[in-house]
Amino acid sequence: MSIPCFSAYYNRKFDNSTNTILKSHARRRALVDHELERYLTDHLDPNDEKVQQLENYAKENRVPIMEPLGIDFLMQMVRLKQPNNILEIGTAIGYSALRMLEANPSARIVTIERDEIRYNEAVRNVQAWGKQQQMDLLFGDALEMENEAKLKGPYDLLFIDAAKGQYKRFFEIYSQYLTDDALIISDNVLFKGMVVSQTNEKNRLNNVAKKLRSFNDWLMELPEYKTTIVPIGDGIAITVKR
């Protein structure tokens, strides 16, 4: 047997061994991440009945709302910032907006939703919580609602949680209506980890992941802003002016 054959044999053996180690490490890391998430979730304050009802409704009807650790982090940022005026892009059923009001009861929120069914659900939920005086719900596409929203500004906090492929446009349109020390929070920017593990397969999820990765790269390179991405929930970007 020639030396090259021995070399090829041991190279294959080394590669197989390395792949086995890497896969084992990935499995252990996934297990640790899952256990860590469960540990942190177990230490969250229990929700009251109204919140549980909203969460149960969202789960039963497949309405995307923030994950427990994500919404807890958002509420903590609201507590720290104490914004007087908040603009939310993407109301859905009103879950995030109502939780932000829970974190800062004196705030006012303008929130935009383009889906009529979700908008009507949000209106009912806001009424059920008795928050009509603190929340302006705007029905329409956020890409077309600039004039309505700017009249109610300026805003101390901008929360983006709508069509993932339009995050850049949302940021460009509405960041100009913020106070100088405003906070910009963008949800879902890691998209189940797909922004770093996307494949070449052409499907909707990979397309969304590609757009979010492009948004993240653009956001991190903006010279007038400083952004930190926190791997909580589905990934949250925190942006402030430099």
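Details of the structure are given in the entry above.
Residues numbered from 1 in each chain as written. Predicted model: local features only at pLDDT ≥ 70, side-chain atom pairs only at ≥ 80, totals over all residues. Heavy atoms only, no water.

Trainee: Sorry if this is basic, but what is going on with the sheet that holds strand S4 (residues 155-160) here?
Mentor: Each strand in a sheet pairs with another by means of backbone hydrogen bonds, the pair being arranged parallel or else antiparallel. Read across the sheet, seven strands follow the order S3-S2-S1-S4-S5-S7-S6 without closing on themselves; strand pairing throughout is mixed. Since the sheet does not close on itself, it has two edges, and those belong to strand S3 (135-139) and strand S6 (225-230), each with one partner. Across the sheet, the mean angle from the axis of one strand to that of its neighbour is 15°, orientation sign disregarded. Note that S6 and strand S7 (residues 236-241) share six bridges and pair antiparallel. Looking at S7, one finds that Ile229 is bridged to Ala237. In the packing of helix H4 (residues 95-103) onto the sheet, contacts are made with strand S1 (85-89), strand S2 (108-113), S3 and S4, and the angle to S1 comes to roughly 160°. (Pairing = 2+ DSSP bridges. Helix = DSSP H or I, 4+ residues; strand = E, 2+ residues; numbered from the N terminus. Axes fitted to C-alpha atoms, helices over the stretch in contact; angles between N-to-C directions. Contact = heavy atoms within 4.5 Å.)

Trainee: For this particular structure, what's the right way to read helix H3 (residues 68-81)?
Mentor: Two residues of an α-helix separated by three or four positions point the same way, owing to the 3.6 residues in each turn. Here H3 spans 20 Å end to end across 14 residues, near enough to the 20 Å set by a 1.5 Å rise per residue. Positive phi appears at Gln82, one or two residues downstream of H3, with a value of about 50°. (Expected span 1.5 Å × (residues − 1).)

Trainee: Please clarify how the packing of aromatic side chains should be interpreted in this entry.
Mentor: We describe a pair of aromatic rings using the distance from one ring centre to the other and the angle between the two ring planes. The final tally for this structure, using the stated rule, is five aromatic pairs. With a centroid separation of 5.2 Å and 40° between ring planes, the pair formed by Tyr119 and Phe139 is classed as tilted. Residue Tyr119 is located in helix H5 (residues 116-129), and its partner Phe139 is located in strand S3; the two are separated by 20 residues in the primary sequence. The class of Phe139 is partly exposed, set by a relative accessible area of 40%. Their ring planes at 35° and their centres at 6.0 Å tell us that Phe215 and Trp218 sit as a pair that is tilted. Residue Phe215 and its partner Trp218 are both found in helix H9 (residues 204-220); the two are separated by three residues, about one turn of the helix. For Phe215, a relative accessible area of 2% translates into the label buried. Judged by its relative accessible area of 21%, Trp218 falls in the partly exposed class. Put simply, the rings of Tyr167, Phe171, Phe215, Trp218 and Tyr225 pair up and form one aromatic cluster. (Phe/Tyr/Trp six-rings, centres within 6.5 Å; stacked < 30°, edge-to-face > 60°. Buried < 20%, exposed > 50% of the residue type's maximum accessible area, 1.4 Å probe, protein only.)

Trainee: Sorry, what's going on with the pattern of salt bridges here?
Mentor: Any two side chains of opposite charge can pair if their charged atoms end up close together. Applying the stated criterion across every chain, the model contains 11 salt bridges. The residue Arg99 makes a salt bridge to Glu102 at a minimum N-O spacing of 2.7 Å. Linking Arg99 with Glu102, this pair stays in helix H4, spanning three residues, or about one helical turn. Members of the salt-bridge network, linked through shared partners, are Glu55, Arg99 and Glu102. (Salt bridge = Lys/Arg side-chain N within 4 Å of Asp/Glu carboxyl O.)

Fair warning: the whole summary comes from geometry, so function is off the table for now.
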